[in-house]
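Next come the chains, spelled out residue by residue.
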Amino acid sequence: MEFWTGIETLKAHRGARIGELLKDDKRNACLRLEIGPFLFDASKTALTVNALETLVSMAETVPARRDAMLTGAPINETEGRAVLHTALRGEAPVMVDGQDVMPGVRDTLERMRGFAQDVRSGAFAGQGGRITDVVNIGIGGSDLGPAMATLALAPYHDGPRCHFVSNVDGADWAETAKSLDPGTTLVIVASKTFTTIETMTNAQTARDWMAGAVDDPAAQFAALSSAVEKTSEFGIDPSRVFGFEDWVGGRYSMWGPIGLSLMIAIGPGDFDAFLRGAREMDTHFREAPLDRNMPALLALVGIWHHQVCGLPTRAVLPYDNRLARLPAYLQQLEMESNGKGVTMAGETLPGPAGPVVWGEPGTNGQHAFYQLIHQGRTPVPCEFMVAAEGHEPELDHHQRLLMANCLAQSEALLKGRDLAEAKAKIAGKFDGAELERQAAHRVFEGNRPSTTLVYPKLTPAVLGGIVALYEHRVFVEGVMLGINSFDQWGVELGKELATSLGPLVEGADASGKDASTRALLDRLLGWRG
Ligand SMILES: O=P(O)(O)OC[C@H]1O[C@](O)(CO)[C@@H](O)[C@@H]1O
């Protein structure tokens, strides 16, 4: 069925009570999938079997497009590129322009392993001794993936400390550098294009800092980029340059060279397990029929909530503190991929594409923004995730509390509390009109949707699986919407204007700018004296 026609049809299916739907075990089984180490449960949504079937029929173009992506067709049509981040964790040959890309992928991975081992063992040392700290300088996809994964896999760290500097705000570099010894620090400049102003500015600052302390600063630099020629202009020895092809999108790039800091932190063996977890999800995505396909189910639930039910945001709520950066990572993955306004053919979309994605780890969020999730007028579909076990067996009572809280939140969203129940709770304290008034504040509408992903423990393989799950979900949503999930033209205008504002913050004539910008600039420059 054509996508937007399907959306209109589905609007008639809204309004079911989730509690009632949950009495139907057959329907629940359609919305619950167990794959490898994951159980994904979407039964706490108002999706009916009929609605799900309609959504599946609207995804009929997905399998062919998926196969095109996985076999190296140039599906990023506005940039004329293949989309092959799956090859970075793959095994089978993949042809691009008549050539198998896998030997190159394997060679680079092997070089990364060798370098990571040398850094970890001390065979590669700084001018002041063994490397104690690694600083990854990058932004967006050259930062968020490795930063998120390095934190997530902290229990596996047995290499040097890893730091991530991304913001052009000098505070980011300055705060990080405070704890570093230039003689024992390795700086990794991570940039697909090697032109990003934030990264190049931070890289230059890092080099100046290093030059003040060691004879050969460039010897303690490595680079990760698909613009290999630019890395040598920066002075980085080719032996420490790890290149990748333009068929790897920035926000999909941590499986290859952009993951070097993670590999140094956890070691090549655990990095391999991370790739394996993602590869297993790729295999499932490639082979499972759409109605039993976990990434597809996530996508269909997303479309149900955003395009059909009109809910503008989606919250990602990991009850796993080491996944603290996952919401930020997913913001780029989902919003840069699917935050689009036109179809692949350049026609204005008749409705919204990707939703706003946000979130924080639980239980912290419960004591901050969950008030709105429970009682705000606009429901927020919540995506909970939790492990059965933590990495701290001696603190297992914490893990039990964490699981209980995660399950309690989805139950509270589902059940709510009606006025009669709210009154009964406080009947001893208030009466008459005051009882009515006080009780109204304690009503929870309920019937609010959530999904939950559970897994045994946050291991490298599980993390790989979670990220691949979300990557493929974004892909399915993008295909169904008919958009290009693999470009990001929307970031360009701001970059161009920042360049044009460069001279103006140095005091050049601002008369060409609008009145607001002129007033703000005037005040900022005035304060600088
Ligand atoms: O890796 P690069 O080329 O420095 O780009 C960093 C980020 O900037 C963007 O191009 C957006 O400006 C992202 O897509 C990308 O992940």
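Scroll up for the structure.
Everything numeric here is computed off the predicted structure, so don't read it as measured data.

A. Highlighting helix H20 (residues 492–505). Between its first and last C-alpha atoms H20 spans 20 Å; for 14 residues at 1.5 Å apiece the expected length is 20 Å, and the two agree. The largest bend along H20 reaches roughly 25° and is located at Thr-499, with the proline Pro-503 sitting one to four residues downstream. A positive phi of about 110° marks Gly-507, the residue just after H20.

B. Structural context of the packing of helix H7 (residues 144–152) against helix H14 (residues 326–338). Two elements in contact, H7 and H14, have axes separated by 9 Å at closest approach and are oriented at 155°. Classed by the angle they form, the pair H7 and H14 counts as roughly antiparallel. The hand of the H7/H14 crossing is left-handed. Here H7 contributes Leu-144, Gly-145 and Met-148 to the contact with H14, which in turn contributes Leu-326, Ala-328, Tyr-329 and Gln-332. In terms of residue class, the contact of H7 with H14 is made up of five nonpolar, two polar and no charged.

C. Fine view of the site of the ligand. In the region of the ligand, 13 residues are neighbours, and Ser-142, Ser-191, Lys-192, Thr-193 and Thr-196 sit closest. Between Lys-192 and the ligand, the recorded distance is 2.7 Å, taken from a backbone N or O atom to an oxygen atom. Bound to the protein, the ligand loses 88% of the 390 Å² it would expose on its own. Residue classes in the shell around the ligand are distributed as two nonpolar, eight polar and three charged.

D. Spatial organisation of the sheet that holds strand E12 (residues 313–319). In spatial order, the strands read E1-E2-E15-E14-E12-E13; together these six strands make up an open sheet with mixed pairing. This sheet does not close on itself; its edge strands, each paired only once, are strand E1 (32–35) and strand E13 (356–358). Pairs of neighbouring strands in the sheet enclose a mean axial angle of 15°, with direction left out of account. Note that E12 and E13 share three bridges and pair parallel. Its bridge partner lying in E13, Arg-314 is registered against Val-357. Against the sheet, helix H19 (residues 460–481) makes contact with strand E2 (38–41), E12, strand E14 (382–387) and strand E15 (450–455), and its axis sits at roughly 145° relative to E15, the strand it touches most.

E. Seen up close, the sheet that holds strand E8 (residues 161–165). Strand order in the open sheet formed by five strands is E8-E7-E9-E10-E11, with parallel pairing between adjacent strands. Edge positions in the sheet fall to E8 and strand E11 (241–243), since each has one partner strand and no second. Neighbour-to-neighbour, the strand axes of the sheet open up by a mean angle of 15°, direction not taken into account. Inspection of the sheet shows strand E7 (residues 133–137) paired to strand E9 (residues 185–190) by five bridges, in the parallel sense. Residue pairing across strands places Val-134 opposite Leu-186, the latter belonging to E9. Lying on the sheet, helix H8 (residues 170–177) is in contact with E7 and E8; it crosses E8 at an angle near 165°.

F. Geometry of the environment of Gly-6. As for its placement among the helices and strands, Gly-6 is situated in helix H1 (residues 3–11). With relative accessibility at 0%, the residue Gly-6 sits in the buried group. Each C-alpha atom of the pair Gly-6 and Thr-54 lies 7.0 Å from the other, and the pair is 48 residues apart in sequence. Sequence-distant contacts of Gly-6, defined by excluding residues within four places in its chain, comprise Met-1 and Met-58.

G. Main features of helix H12 (residues 268–287). Taking 1.5 Å per residue, 20 residues should reach 28 Å; H12 reaches 28 Å between its end C-alpha atoms and fits that length. All buried positions along H12 are accounted for by Pro-268, Phe-271, Ala-273, Phe-274, Leu-275, Gly-277, Ala-278, Met-281, Asp-282, His-284 and Phe-285.

H. A look at the side chain of His-305. Take His-305: it is sitting in helix H13 (residues 294–308). Among the residues examined, His-305 registers a relative accessible area of 6% and is labelled buried. For His-305, the residues in contact, after removing those within four places along its chain, are Thr-45, Gly-310, Leu-311, Pro-381 and Pro-449.

Thresholds, definitions, all that
- Residues numbered from 1 in each chain as written.
- Predicted model: local features only at pLDDT ≥ 70, side-chain atom pairs only at ≥ 80, totals over all residues.
- Heavy atoms only, no water.
- Helix = DSSP H or I, 4+ residues; strand = E, 2+ residues; numbered from the N terminus.
- Expected span 1.5 Å × (residues − 1).
- Bend = angle between axes of the 7 residues up to and from the residue.
- Axes fitted to C-alpha atoms, helices over the stretch in contact; angles between N-to-C directions.
- Parallel < 35°, antiparallel > 145°, perpendicular 65-115°, else oblique.
- Left-handed = near helix turned anticlockwise from the far one by under 90°.
- Contact = heavy atoms within 4.5 Å.
- Nonpolar A, V, L, I, M, F, W, Y, C, P; charged D, E, K, R; others polar.
- Near = heavy atom within 4 Å.
- Polar contact = N/O pair within 3.5 Å; in protein donor to acceptor, adjacent residues only side chain to side chain.
- Areas by Shrake-Rupley, 256 points an atom, 1.4 Å probe, with all protein chains shown as cover.
- Pairing = 2+ DSSP bridges.
- Buried < 20%, exposed > 50% of the residue type's maximum accessible area, 1.4 Å probe, protein only.

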